[in-house]
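Given next are the chains, with one letter for each unit.
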Amino acid sequence: MAIRNIREFGDSVLTKISKEIKEVDRKLLILIDDMLDTMYESYGVGLAAPQVGVLKRVAVIDVSEEGDEPIILINPVILEVDGEQTGDEGCLSLPGKVGTVTRPNYVKVKAYNEKMEEYVIEGTELLARALCHEIDHLNGVLYTDKLMGELRATMDTEEV
Ligand code: ZN
């Protein structure tokens, strides 16, 4: 287990498109473990590989209260969106900042787990927001591209 350095806004790795994963090897499993450690250490609810400098289509999310398994997303694709939510969003790559972003209120995503088994996950509210935010990271898109109004300073928004 290891904590990786989180890349911050301005780092060009955050605006690049990540590559599809063809197979799960030991290196990828270590990356996923490290991403989980890094996310929990930073009190985030999600983290995408480009945020630790790796341009691979993998992200982790944990919006649950204690005890649930985190969500591992390999090659995630949005299948369906519905509704709308407008609210504050934060990102571990922009620590201490928050902005208002409109996202779908429901998303259905197809992805692979760490055994490379395909699955479908549905999310609403914070989970839907986190899924969209992480998939955006894999496409080199930051929430600052979707802001309504200005970035603000904060101490207490969930960062993904
Ligand atoms: Zn983020």
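Because the structure is predicted, anything quoted here is derived from the model rather than measured.

Trainee: Looking at this structure, I do not really get the coordination of the zinc ion. What am I missing?
Mentor: Reference values for coordination geometry: four tetrahedral donors around a metal ideally subtend 109.5 degrees, six octahedral donors ideally subtend 90 or 180 degrees. Distances from the zinc ion to its protein donors, Cys 91 (SG), His 133 (NE2), His 137 (NE2) and Val 160 (O), fall within 2.0 to 2.2 Å. For the zinc ion, the four donor atoms in the first shell make angles of 96 to 142° at the metal, so the coordination geometry reads as irregular. All donor residues of the zinc ion come from one chain, and their arrangement in sequence is C-x41-H-x3-H-x22-V. Taken together, the residues span a long stretch of sequence, with Cys 91 in the loop between strand 4 (85–89) and strand 5 (97–103) and His 137 in helix 2 (residues 125–138) at a distance of 46 residues. Across this residue pair, the class does not change: Cys 91 and His 137 are buried.

Trainee: It is not clear to me how the sheet that holds strand 2 (residues 58–61) should be interpreted in this structure. Could you clarify?
Mentor: Sheets are built from strands paired through backbone hydrogen bonds, the pairs being either parallel or antiparallel. Read across the open sheet, the five strands follow the order 1-2-3-6-7; overall the sheet is antiparallel. Each edge of the sheet is formed by a strand with only one pairing partner; in this case those strands are strand 1 (46–48) and strand 7 (118–124). Taken over all neighbouring pairs, the strand axes of this sheet differ in orientation by 35° on average, direction set aside. Its contacts with the sheet place helix 1 (residues 26–41) against strand 1, strand 2 and strand 3 (71–82), and it is angled at close to 35° to strand 2.

Trainee: It is not clear to me how the sheet that holds strand 8 (residues 147–153) should be interpreted in this structure. Could you clarify?
Mentor: The three strands are arranged 4-5-8 in an open sheet whose pairing can be described as antiparallel. Each edge of the open sheet carries a strand with a single partner, namely strand 4 and strand 8. Within this sheet the neighbouring strands show an average axis-to-axis angle of 20°, counted without direction. The pairing of strand 5 with strand 8 spans four bridges and is classified as antiparallel. Looking at the pairing, Val 98 lines up with Arg 152 of strand 8. Each of strand 4 and strand 5 is contacted by helix 2, which is oriented at about 70° to strand 4, the strand it contacts most.

Trainee: I'm lost on the nonpolar core in this one. Help?
Mentor: Considering soluble globular proteins, one finds that nonpolar side chains tend to be buried as a cluster. Ranked by internal contacts, the top residues of the largest apolar core, which has 18 residues, are Ile 61, Leu 73, Val 109, Ile 121 and Leu 131. Broken down by element, the residue count for this core peaks at seven residues, all from helix 2. Every residue in contact with Ile 61, bar those within four places of it in the chain, is listed here: Met 39, Val 45, Gly 46, Pro 70, Ile 71, Leu 73, Leu 127, Ala 130, Leu 131 and Glu 134.

Trainee: I keep staring at the side chain of Gln 51 and nothing clicks. Help me out?
Mentor: As for its placement among the helices and strands, Gln 51 is situated in the loop between strand 1 and strand 2. Overall, the relative accessible area of 0% leaves Gln 51 in the buried class. Engagement of the side chain of Gln 51 in a polar contact is seen with the side chain of Ser 93, the distance being 3.1 Å. Engagement of the side chain of Gln 51 in a polar contact is seen with the side chain of His 137, the distance being 3.5 Å. Those residues in contact with Gln 51 that lie beyond four places of it in its chain are Asn 5, Ile 6, Arg 7, Leu 14, Gly 46, Cys 91, Leu 92, Ser 93, Glu 134, His 137 and Val 160.

Trainee: I keep staring at a nonpolar patch on the surface and nothing clicks. Help me out?
Mentor: The grouping of Val 77, Leu 79 and Val 120 at the surface amounts to a nonpolar patch, some 240 Å² of accessible area in total. Residue Leu 79 is classed as partly exposed on the basis of its relative accessible area, which comes to 47%.

Trainee: Help me understand unusual backbone geometry in this model?
Mentor: Glycine aside, residues mostly have negative phi, and peptide bonds are mostly found in the trans state. If you check the backbone angles, Met 116 has positive phi at about 60° while not being a glycine. With respect to the secondary-structure elements, Met 116 resides in the loop between strand 6 (106–112) and strand 7. Under the relative-accessibility criterion, Met 116 is labelled partly exposed at 26%. One non-glycine residue, Glu 125, lies in the positive phi region at around 50°. Position of Glu 125 among the secondary structure elements: in helix 2.

Thresholds, definitions, all that
- Residues numbered from 1 in each chain as written.
- Predicted model: local features only at pLDDT ≥ 70, side-chain atom pairs only at ≥ 80, totals over all residues.
- Heavy atoms only, no water.
- Donors = N, O, S within 2.8 Å, 3.2 Å for Na, K, Ca; no water.
- Tetrahedral: all angles 85-135°; square planar, octahedral: opposite > 155°, others 65-115°.
- Helix = DSSP H or I, 4+ residues; strand = E, 2+ residues; numbered from the N terminus.
- Buried < 20%, exposed > 50% of the residue type's maximum accessible area, 1.4 Å probe, protein only.
- Pairing = 2+ DSSP bridges.
- Axes fitted to C-alpha atoms, helices over the stretch in contact; angles between N-to-C directions.
- Contact = heavy atoms within 4.5 Å.
- Core = buried A, V, L, I, M, F, W, Y, C linked by side-chain atoms within 4.5 Å.
- Polar contact = N/O pair within 3.5 Å; in protein donor to acceptor, adjacent residues only side chain to side chain.
- Patch = residues over 30% accessible without salt bridge, like charges linked within 9 Å, V, L, I, M, F, W, Y side chains within 5 Å.
- Areas by Shrake-Rupley, 256 points an atom, 1.4 Å probe, with all protein chains shown as cover.
- Salt bridge = Lys/Arg side-chain N within 4 Å of Asp/Glu carboxyl O.

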